[in-house]
Amino acid sequence: MLSFTEENYLKAIVQHTLFDGISDEVGVNQLASTLNVKPATASDMVRRLKKKELVHYERYGKVSLTKQGQRLGMLVIRRHRLWETFLYSTLNFSWDEVHEVAEELEHVHSGKLMDRLDEFLGYPEFDPHGEAIPNCEGEIKIPFRMTVSEMSVGKPCKVIAVRDESVDFLRYLDRIGLAIGATVVVVHREEYDELTTLRIGEKDTVVSPKLTSNVYVVCGSCGKTKCSC
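Residues numbered from 1 in each chain as written. Predicted model: local features only at pLDDT ≥ 70, side-chain atom pairs only at ≥ 80, totals over all residues. Heavy atoms only, no water.

### Points about the overall build of the chain
Working step 1: Scanning the chain for helices and strands turns up 8 helices and 8 strands.
Working step 2: In terms of overall size, the chain behaves like a compact globule, its C-alpha atoms giving a radius of gyration of 19 Å where 229 residues would be expected to give roughly 17 Å.
Working step 3: Projecting the C-alpha coordinates of the chain onto the three principal axes gives extents of approximately 55 × 45 × 30 Å.
Working step 4: For the chain, the residues scored as buried account for 44% of the 229 residues in total.
Working step 5: When contacts within the chain are restricted to residue pairs at least 6 apart in sequence, long-range pairs at least 24 apart make up 62% of them.
Working step 6: As presented, the chain carries roughly 12900 Å² of accessible surface, and 50% of it is formed by carbon and sulfur atoms.
Working step 7: Treating the 29 positive side-chain charges of the chain as one cloud and the 34 negative ones as another, the clouds have centres 4 Å apart. (Helix = DSSP H or I, 4+ residues; strand = E, 2+ residues; numbered from the N terminus. Rg over C-alpha atoms; globule rule 2.2 N^0.38 Å. Buried < 20%, exposed > 50% of the residue type's maximum accessible area, 1.4 Å probe, protein only. Contact = heavy atoms within 4.5 Å. Areas by Shrake-Rupley, 256 points an atom, 1.4 Å probe, with all protein chains shown as cover. Lys, Arg positive; Asp, Glu negative; His and termini not counted. Charge placed at Lys NZ, Arg CZ, Asp CG, Glu CD.)

### Focus: the pattern of salt bridges
Working step 1: Here the structure, examined in full by the defined rule, presents 13 salt bridges.
Working step 2: The partner of Arg 78 in a salt bridge is Asp 115, and the shortest N-O contact between them spans 3.5 Å. In this pair, Arg 78 is assigned in helix α4 (residues 67-89) and Asp 115 in helix α6 (residues 111-120), connecting sequence segments 37 residues apart.
Working step 3: Judged by relative accessible area, which is 5%, Arg 78 ranks as buried.
Working step 4: With relative accessibility at 39%, the residue Asp 115 sits in the partly exposed group.
Working step 5: Ionic pairing is found between Asp 118 and Arg 78, a salt bridge with its closest N-O pair at 3.3 Å. Of this pair, Asp 118 sits in helix α6 while Arg 78 sits in helix α4, and the two are 40 residues apart along the sequence.
Working step 6: Counted as one network, the salt bridges with shared partners bring together Glu 6, Arg 48 and Lys 52. (Salt bridge = Lys/Arg side-chain N within 4 Å of Asp/Glu carboxyl O.)

### Overview of the packing of aromatic side chains
We describe a pair of aromatic rings using the distance from one ring centre to the other and the angle between the two ring planes.
Working step 1: Applying the stated criterion to the full structure yields 2 aromatic pairs.
Working step 2: Both rings, one in Trp 83 and one in Phe 86, keep their centres 5.9 Å apart while their planes meet at 80 degrees; by these two values the pair is edge-to-face. Note that Trp 83 and Phe 86 are positioned in helix α4 at a spacing of 3 residues, about one turn of the helix. Phe 86 shares its class with Trp 83; the two are buried. (Phe/Tyr/Trp six-rings, centres within 6.5 Å; stacked < 30°, edge-to-face > 60°.)

### Section: unusual backbone geometry
Working step 1: A positive phi is found at Asn 36, a non-glycine position, where the angle reads about 60 degrees.
Working step 2: When you line up the elements, Asn 36 lands in the loop between α2 (28-35) and α3 (39-51).
Working step 3: The backbone phi angle of Glu 194 is positive, close to 65 degrees, even though this residue is not glycine.
Working step 4: Within the secondary structure, Glu 194 sits in the loop between β5 (183-189) and β6 (196-200).

### Topic: the layout of surface pockets
Working step 1: By volume, the largest pocket amounts to about 970 Å³.
Working step 2: If you go around the largest pocket, you meet 32 residues; those closest to its centre are Gln 15, Phe 19, Arg 81, Arg 163 and Glu 165.
Working step 3: Elements with a contribution of two residues or more to the lining of the largest pocket: α1 (4-19), α2, α4, α5 (98-105) and α7 (167-176).
Working step 4: Among the elements that line the lining of the largest pocket, the one with the most residues is α1, at 6 residues.
Working step 5: Class assignment of the residues belonging to the lining of the largest pocket gives a composition of 11 nonpolar, 7 polar and 14 charged.
Working step 6: Taken as a whole, the second largest pocket holds about 260 Å³ of empty space.
Working step 7: Taken together, 14 residues make up the lining of the second largest pocket; nearest its centre are Pro 124, Glu 125, Ile 133, Pro 134 and Asn 135.
Working step 8: Class assignment for the residues of the lining of the second largest pocket results in 8 nonpolar, 1 polar and 5 charged. (1 Å grid on protein atoms, 1.4 Å probe; cavity = no way out; pocket = protein on both sides within 12 Å on 5 of 7 lines; lining within 4 Å. Points joined across faces, edges and corners; volume = space filled by probe spheres on them. Nonpolar A, V, L, I, M, F, W, Y, C, P; charged D, E, K, R; others polar.)

Shown next as structure tokens:
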């Protein structure tokens, strides 16, 4: 059985190499920054994971997951997202509260418990932040998505997920009324600094590129990411 720390490393590597979609490798320094540890500490853990055949790594090189490493990392993410969904939909936690609690619950290893929880929740495909939930084999279908920053001016779009799940960001979205399922319209986008005027309901709000690059949307008319509406 893996330790909590080993699971956290695998989860972080999955996030960098699969969900971020930039590369199938991640540098040790980047991994250390994500986990808030020293590079030497991250190097020691990566070498430990290599001995368990969960990652590919050579000294001074980058880290990538083996097939087994990816599966185990995905199962940690599955547990995390199922617990987030349970906390949000059943225990009435807000979407900015669920992450911290799920960080602890994700290390409960009972496959039977997670299968029962999945069944109890009605086999959800997405967590409260709109992120896809891996299946019991650690497999996942990541939909192609576009951010608000990529949507055309004047075109209604529907919010389906958020990339940034930090407490401050989620509470900011709550304050301006932007939630999963909300319909928004890009009213105006400044060429100089990319400040964007969003119409949320009947109110226009000016937001920064940090928001528009961290909120995923689909077409508000047909529900597709790419369309000719």
